[in-house]
Every structure is written in C-alpha cells, then in structure tokens.
Amino acid sequence: MRLSAVVRGICLALAGWVIVAGSAPSARAQQWTEITEGGFRVEMPGPPERSVQELTVNGTGEVVEQIELTVTLGATEYFCSRTTFRSMPPNLTPAQMLLNGRDGRPGHLLADRSLNVSGAAAREYVHEEDGWILATRAIYAADTLYQLIVVGRTGVQTAPATRRFFESFGLVPRPPA
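Report follows, based on the coordinates. Predicted model only: the values in this text are computed from it and were never measured. (Residues numbered from 1 in each chain as written. Predicted model: local features only at pLDDT ≥ 70, side-chain atom pairs only at ≥ 80, totals over all residues. Heavy atoms only, no water.)

## Side note on the nonpolar core
Definition in use: Only buried Ala, Val, Leu, Ile, Met, Phe, Trp, Tyr and Cys residues count toward a nonpolar core, and they belong to the same one when joined by side-chain atoms within 4.5 Å. We call a residue buried when its accessible area falls under 20% of the maximum for its residue type, exposed when it is over 50%, and partly exposed in between, using a 1.4 Å probe and counting protein chains only. Comment: elements are numbered from the N terminus, with helices defined as DSSP H or I runs of at least four residues and strands as E runs of at least two.
Core analysis: the largest hydrophobic core is formed by 26 residues, its most contacted members being V42, M44, C80, F165 and F169. Mapped by element, the contributors of at least two residues to this core are β4 (40-44), β6 (63-73), β7 (76-84), β8 (108-117), β9 (120-129), β10 (132-141), β11 (144-152) and α3 (160-168). At four residues, β10 tops the list of elements feeding residues into this core.

Next comes the structure, spelled out in structure tokens:
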C-alpha cells in the first residue's frame, strides 16, 4: 500500500467538519524546500507534489477545497494541507474541533499536547495503527485548518526531519485581496 493511501485513509468526517488527516531520513540529508502560500510558511524535506481535493463537510453539506502538499522519502510521507471553511457551527470552538480531530484518528493514541502556533489554537498528537506512526500537528486559525502529518515507522514522531517540518510552520499575513 502506498503511503499516500495511508494518509488519505485517515481523512474522517467528524463533528460536522472534515478532518484530514521504516525510519525517517536525517534532517540534514534532505534538500529542504520552503513553501509560502495561503497564509502559512513551512519547510518540507524536498519539493512537494501539490493536489486539490474537493471535500463535502458532514453536517453542513458545504463543499470545500483542501490544498495538499506531499513529499515521500522512502518509508516516510510528509503531508501538509490547508482547508478553508466558510462557516463554523457556533458551538464548535477551535479547541474542541482540534480535539475532535485527534479523537477521530484510527489507532491507539500515544501522545497528545495542546499548544499555540503563531497565536492560533493547535494540537500535536501521535497515533499508532498497524505498525504505522501518524504524527500530526493541527492548527486552526481564523477560518482555516492547517494539518501537518508525518506517516512512518516507529520513532518517526521524534525524528529530526519531523521536528524540523513541524517547527518550521508559521502563519504569515495574507496579502490584501
């Protein structure tokens, strides 16, 4: 099974929102690529493949675009997505939405922490399923859900490349429309 199928397989509809969802190569072994677009900046361990998926949000029927950037290196996949929502149910706070995303992941929860990234609500968690580790950092800012996911084998969640990928993410001001 291709790793991208594993990543796409973790996309779940929950709480009325669409939540997406070997050893890692050394952080120094990659040619890192900086991406700045859509209100964020991130470094990925190589030039990413870009795709756009149309998703229907459970509960509202809203059709949204999810912009996806993916880099696959051996048995490890780095995935960054951006999904903008036009409306959010009033009873679903950003913190609760991030918890719902964490709780909707398949497998066993190994680690979890809340944090702020560039002043926005964020959550970092790790799941294990069928020998695969899914390390996720999810950020909800304004009307946009950003997800950084690394899928790999045991230890990928603490690998230098994973940490660099997660720590490089930041929100940047969007140019005026």
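## Side note on the packing of aromatic side chains
Operational definition: The pairing test for Phe, Tyr and Trp rings, Trp by its six-membered ring, is centres within 6.5 Å, and the orientation test on the planes gives stacked under 30 degrees, edge-to-face over 60, and tilted for anything in between. Only when the NZ atom of a Lys or the CZ atom of an Arg is both within 6 Å of the ring centre and within 35 degrees of the ring normal do we say a charge sits over the ring.
Under the defined criterion, the tally for this structure stands at five aromatic pairs. Ring geometry for Y78 and F165: centres 5.8 Å apart, planes at 90 degrees, overall edge-to-face. Of this pair, Y78 sits in strand β7 while F165 sits in helix α3, and the two are 87 residues apart along the sequence. According to the relative accessible area criterion, Y78 is buried, its value standing at 0%. On the numbers, 5.4 Å between centres and 55 degrees between planes, the contact of Y146 with F169 is tilted. Taken together, the positions of Y146 in strand β11 and F169 in the loop between α3 and β12 (170-171) put the pair 23 residues apart, joining distant regions of the chain. For F169, a relative accessible area of 5% puts it in the buried group. Directly above the ring of W132 sits R153, whose terminal nitrogen or CZ lies 3.8 Å from the centroid.

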